[in-house]
Amino acid sequence: MASVIEVKELSRFFNTGTIRVEALKQVSFSIEEGELVAITGSSGSGKSTLLGILGCLDRPTEGDYLLDGIPVSGMHNRLLASLRNQKIGFIFQSFQLLQRTTALENVELPLLYNPAVPAGQRKEKARRALDRVGLTDRMHHKPSEMSGGQQQRVAIARALVSEPRLILADEPTGNLDSENTRQVMSILQDLNEAGSTVVIVTHEPDVAARCRRVITLKDGKIQADIRNPEPVSVCM
Amino acid sequence: MNSKDLLKISFSSLLRNGIRSWLTVLGVVIGVASVIAMQAIGNGSDESIKREIRSLGVNVLMIFPGTFRMGGVAQSAGSMSVLETGDAVAIKKTMKTVNAVTPLVQSGQQVVYQTQNWRTNVTGVWADYFIIKNYKTTQGRLLTEQEASGMSKNCLIGKTVYSKLFPNGGNPVGVTIRVGSVPMKIVGVLEAKGSGTFGQDQDDVILAPFKTVQKRLMAVDFIQQIQVSARSEHEMTSAQAELRAYFLKKPNMISADGEERFSIRSQSEISSVLGSVSSVLILLLSSIAAISLVVGGIGIMNIMLVSVTERTREIGLRMALGATDRDVRTQFLAESVMLSVWGGILGILFGYLISVTVGSILNWPVSVSPFSIGLAFTFSALVGIFFGYYPAKKASQLDPIEALRYE
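Conventions we followed
Every chain's residues receive numbers from 1 upward, in the order its sequence appears when written. Whichever chain is written first is A, and whichever ligand is written first is 1; the rest continue in order. For this predicted model, a pLDDT threshold of at least 70 governs which residues receive local features, and a threshold of 80 or more governs which side-chain atom pairs are given and counted, while totals over whole chains, interfaces and linings are taken from all residues. Values shown for side chains rest on all heavy atoms present in the structure; no hydrogens or waters enter the calculation. Here a strand pair is declared whenever DSSP counts at least two bridges between the two strands. Numbered from the N terminus, helices here are DSSP runs of H or I no shorter than four residues, and strands are runs of E no shorter than two. Contacts are assigned to residue pairs that have any heavy atoms within 4.5 Å of one another. A fitted line through C-alpha atoms serves as each axis, taken over the contacting stretch for helices, and the angle formed by two N-to-C directions is quoted from 0 to 180°. Buried, partly exposed and exposed residues are distinguished by accessible area as a fraction of the type maximum, computed with a 1.4 Å probe on protein chains only: under 20%, between the cut-offs, and over 50%, respectively. Two aromatic rings from Phe, Tyr or Trp, using only the six-membered ring of Trp, form a pair when their centres are within 6.5 Å; if the ring planes differ by under 30 degrees the pair is stacked, by over 60 it is edge-to-face, and anything between is tilted.

All right, on to the sheet that holds strand 1 (residues 3–16) of chain A then. Residues and elements named next belong to chain A. Read across the sheet, 4 strands follow the order 2-1-4-5 without closing on themselves; strand pairing throughout is antiparallel. Edge strands, defined here as strands with exactly one partner in the open sheet, are strand 2 (19–32) and strand 5 (70–71). Sheet analysis places strand 4 (residues 62–67) next to strand 5, joined by 2 bridges and oriented antiparallel. Bridging across to strand 5, leucine 66 finds its partner in proline 71. Docked against the sheet, helix 1 (residues 47–54) engages strand 1, strand 2 and strand 4, running at close to 120° with respect to strand 1.

The structure is reproduced here in structure tokens:
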């Protein structure tokens, strides 16, 4: 199977005044197509930094990152933007939906920046994505008219709409109660079953337990990379 | 992102902050409206001066004693008594290019009829003056040639004088009024001429025989002006040359330092001096208006900066979802241009309304030229680009990770 993510000796340093913070040190791993991976670690372990790089929002200081076989490290900003648009679907802890904009329009948003999708097809694609997260009846509702779980499902639909190679979720359940957490996780697991590669950054053991592979970071290094042969089932 | 999507996004984000957008637009509206109005009113005042020249007759020439400098201060007429009644007589007799001549003296006098009292200008003229100025009467008759060239105590009154002396109406013809110390009989009321370009009342006047005013009322020898009308428009130049030659032949018409002690001006030259004064004023007002447009632009910049800060998370999100720096910059630039262009359109409408209103109050033929509309529109769009660029650039340079975390 082809690697969706291939990270080789990746480091990321920040210069804050006189102190040099080493957020990631010589990290190497790869993620194959169709995996469901949790990246965990305590706060300050470097998982947010890693997510930024994996999401092409940030560049490594040293080392290589290949997304779907494409070397990203030295890429120009505008190419990075189109890579984000076409290869990655983001899910954020705080949903990041545009207020006063309907669910459908929120889901359409990534397609606006994709010249390959004609304007006429956007609505239909967005509708199908909302269908997959079970929100067909909420299409014309605004975020303020929906529950947190529903809002996160809209955000998942937005991540799906471009049919990306990789879904990157940053603490997707951090703002949700246990019932909504269960719902959101089962959607992510379903997507994975259907073939999507999903990477979840989380510090919740419950969430990590549902993933087939758990990468644990500590102080900018990989502390453990465990395969979980029997993840907690979708229908628990 | 295609331009239709861009316009839609920009428009809906402006709508989300309705009141704020309107207030921002208002600055540009005021700027553009005043530029348009100033232009139109300026054109109107020029046009009204031209119209007045036409109504006064393009063929009129005036001879003043002393010098008359364009754009400078005219010396008071009559300060040097170089003009004589004899000159008017000679001009009338000898010059073929001229069809009417009158000497002119003018004096402010108290006019009394029964209990009514009014101060007005009494002008002493020959009968030719009525031809030059195209005067008619509404009641009674004009002065005859004989009356006007003699010492008759008949006079004509303007409409304003009539309404002041006869507040209850009635026929003034044949009534004797006291002008200064001289009792005079009214033979007619002049047709109204309305107010001049600069608001002076052309009907607040009494016309009386030249010699009566000069000798009886003022007791002087000099005359203040000679007015002449040329036979036709193309004979103006030759009439002017002929007049000049005549006066230069007279003794004492050149002062010790070589300056001519008379000047010949046409009505249109005098009006163009007034016109240039008014265009300077309009230019000044227009530049103030242009400054207010710049102030409006600064208002747009201010609001766009606030908007960029407020929408930091949205910008971060758009970038994460694939917007390039160029996409973000174009979006914010489109918003500021939309504000300023909308302001420009409204400003043109308001400016037009102001111009039409002012025009109808002052009775000026105000016209909003397509050129000034185009200019105002282009300028307001440029204001939007100029003042929107910095906030848009700032937005496009945000770091997406930090922008997404912004609270």
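Attention now goes to the pairing of strand 5 (residues 154–157) of chain B. Residue and element names in this part refer to chain B. Both faces of strand 5 are covered, namely the face carrying Asn154 and Leu156 and the face carrying Cys155 and Ile157. Where strand 5 meets strand 8 (residues 205–209), 2 bridges bridge the pair, whose relative direction is antiparallel. If you follow isoleucine 157 over to strand 8, its bridge partner there is isoleucine 206.

Before going further, it helps to spend a moment on the packing of aromatic side chains. Residues and elements named next belong to chain B. A complete count under the given rule lists 8 aromatic pairs over all chains for this structure. Between tyrosine 246 and phenylalanine 247, the aromatic rings sit 5.0 Å apart at their centres with planes inclined by 85°, giving edge-to-face as the arrangement. Clustering of aromatic rings is evident, with ring pairs tying together Tyr113, Tyr162 and Phe166.

Below, the discussion takes up the pairing of strand 4 of chain A. Residues in a regular strand project their side chains so that they alternate between the two faces of the sheet. Residue and element names in this part refer to chain A. Bridge count for strand 1 against strand 4 is 5 bridges, and the pairing is antiparallel. Residue pairing in the sheet places lysine 8 in a bridge with aspartate 64 of strand 4. Taken together, strand 4 and the strand that follows it, strand 5, pair antiparallel across an intervening segment of 2 residues, in which aspartate 68 is found at a positive phi of about 55°.

So, about the sheet that holds strand 8 (residues 197–201) of chain A. All names here are of chain A. If you walk across this open sheet you meet the 6 strands as 6-7-8-3-9-10, and the pairing is mixed. In this open sheet, the two strands that pair with only one neighbour each are strand 6 (88–91) and strand 10 (221–227). Recorded for the sheet is a direction-independent mean angle of 15° between the axes of neighbouring strands. Of the strand pairs in this sheet, strand 9 (residues 213–218) and strand 10 are connected by 6 bridges, and their pairing is antiparallel.

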